[in-house]
Amino acid sequence: MTASDIDELWVGAPFRPVFDQALNPALALLFAAAGLVYAGKFTVTRGDLRREATFAAIASLALGLAVVLGAQACGLYL
């Protein structure tokens, strides 16, 4: 396999983000707020392991999306 063959494999459509770039800051703040709310619910909930696990999973996903969308809002595509 030559270098030109490898280059042909990588040729394709240019990268397009899922959301419009103008929406990234607002979505990052929205997911960060939702993640902090569910992190607070996780902190307050005592005794029910299923609810704690649910709140922790939702908070983790929301805060993770907030970090990724915040990085994209700054122009850094991960």
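Structure: above.
Predicted, not measured: the structure shown is a model, and the values here were computed from it. (Residues numbered from 1 in each chain as written. Predicted model: local features only at pLDDT ≥ 70, side-chain atom pairs only at ≥ 80, totals over all residues. Heavy atoms only, no water.)

K.L.:
Whenever I open this one, helix H3 (residues 49–73) confuses me. Can you help?
P.N.:
For an α-helix, 3.6 residues make a turn, and residues three or four places apart therefore share a direction. For H3, with 25 residues, the first-to-last C-alpha span of 36 Å sits near the 36 Å given by 1.5 Å per residue. The set of residues buried in H3 consists of Glu52, Phe55, Ala59, Ala62, Ala66, Leu69, Ala71 and Gln72. Taken together, the buried residues of H3 touch helix H2 (24–44). The first or second residue beyond H3 is glycine 75, which carries a positive phi of 100 degrees. (Helix = DSSP H or I, 4+ residues; strand = E, 2+ residues; numbered from the N terminus. Expected span 1.5 Å × (residues − 1). Buried < 20%, exposed > 50% of the residue type's maximum accessible area, 1.4 Å probe, protein only. Contact = heavy atoms within 4.5 Å.)

K.L.:
Teacher, can you tell me more about the environment of valine 68 here?
P.N.:
With respect to the element layout, valine 68 can be found in helix H3. Relative accessible area serves as the criterion here: at 33%, valine 68 is assigned to the partly exposed category. Measuring from C-alpha to C-alpha, the distance between valine 68 and phenylalanine 19 comes to 12 Å, with 49 residues separating the pair along the chain.

K.L.:
What should I look at first to understand the side chain of glutamate 52 in this one?
P.N.:
Mapped onto the secondary structure, glutamate 52 falls in helix H3. The charged side chain of glutamate 52 is buried without a salt bridge, its nearest counter-charge being arginine 46 at 5.2 Å. Ignoring anything within four residues of it in the chain, the contact list for glutamate 52 reads Phe42, Thr45, Arg46 and Gly47. (Lys, Arg positive; Asp, Glu negative; His and termini not counted. Salt bridge = Lys/Arg side-chain N within 4 Å of Asp/Glu carboxyl O.)

K.L.:
Where do I start with the packing of aromatic side chains in this structure?
P.N.:
Aromatic ring pairs are described here by two measures, namely the spacing of the ring centres and the angle between the planes. Tallying each qualifying case throughout the model produces 1 aromatic pair. With a centroid separation of 5.8 Å and an interplanar angle of 45 degrees, the aromatic rings of tyrosine 38 and phenylalanine 55 are classed as tilted. Of this pair, tyrosine 38 sits in helix H2 while phenylalanine 55 sits in helix H3, and the two are 17 residues apart along the sequence. The exposure class assigned to phenylalanine 55 is buried, which follows from its relative accessible area of 10%. (Phe/Tyr/Trp six-rings, centres within 6.5 Å; stacked < 30°, edge-to-face > 60°.)

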